[in-house]
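# A look at the structure
This is what each chain is made of:
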Amino acid sequence: MDKKIVEYFKILSDENRLEIVKLLLQGETYDCTLIDKVPISQPTLSYHLKQLTNVGLAKAKREGNWIKHFIDREKLDEMIDYLIQLRDMEAKQCNL
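First, a word on scope: everything that follows refers to the structure included in this document. These numbers were taken from a predicted model, which means no experiment stands behind them. (Residues numbered from 1 in each chain as written. Predicted model: local features only at pLDDT ≥ 70, side-chain atom pairs only at ≥ 80, totals over all residues. Heavy atoms only, no water.)

## As for the pairing of strand β3 (residues 66-71)
Taken residue by residue, a regular strand's side chains alternate between the two faces of the sheet. Here strand β1 (residues 29-30) runs beside β3; their pairing, made up of two bridges, is antiparallel. Note that in β3 the partner of Y30 across the bridge is K68. Of the strand pairs in this sheet, strand β2 (residues 58-63) and β3 are connected by six bridges, and their pairing is antiparallel. Looking at β3, one finds that K59 is bridged to F70. (Pairing = 2+ DSSP bridges. Helix = DSSP H or I, 4+ residues; strand = E, 2+ residues; numbered from the N terminus.)

Shown next as structure tokens:
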């Protein structure tokens, strides 16, 4: 199994990060707009955004003094493809 896929699922196992991903999927956004929509502090939000960015699920780009965050949809597609392959695996019988 691809270690990156494991990391993606680990990162999304946190409910705050999952909520942040949902919000980011609605469009690129800044920290200041996200903080009003999640029940966490600014430092905690920054921590979660950094975690998402470190594994590659989120991307960040600087625009002047602001940092815009968005989800890398190709990474989500990789996760979806993995789950589809998992679902479609044929059951293998254990012959004893």
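## A look at helix α1 (residues 3-11)
Each α-helix winds once per 3.6 residues, and so residues spaced three or four apart point in a common direction. For α1, every residue scored as buried is listed here: I5, Y8 and I11. Projection of α1 onto a plane perpendicular to its axis shows the buried side chains occupying an angular sector of 125°, all on one side. Each element contacted by the buried residues of α1 is listed here: α2 (15-25), α4 (42-55) and α5 (73-87). Between the side-chain oxygen at the start of α1 and the backbone nitrogen of K4 there is a gap of 3.1 Å, and the oxygen is on D2. (Buried < 20%, exposed > 50% of the residue type's maximum accessible area, 1.4 Å probe, protein only. Arc of directions from axis to C-beta. Contact = heavy atoms within 4.5 Å. Polar contact = N/O pair within 3.5 Å; in protein donor to acceptor, adjacent residues only side chain to side chain.)

## Considerations on α4
Taking 1.5 Å per residue, 14 residues should reach 20 Å; α4 reaches 20 Å between its end C-alpha atoms and fits that length. By the burial criterion, the buried members of α4 are L45, H48, L49, L52 and V55. Each buried residue of α4 sits inside an arc of 140° when the element is viewed along its axis, so together they form one side. With respect to the buried face of α4, the exposed residues turned more than 90 degrees away are P43, K50 and N54. (Expected span 1.5 Å × (residues − 1).)

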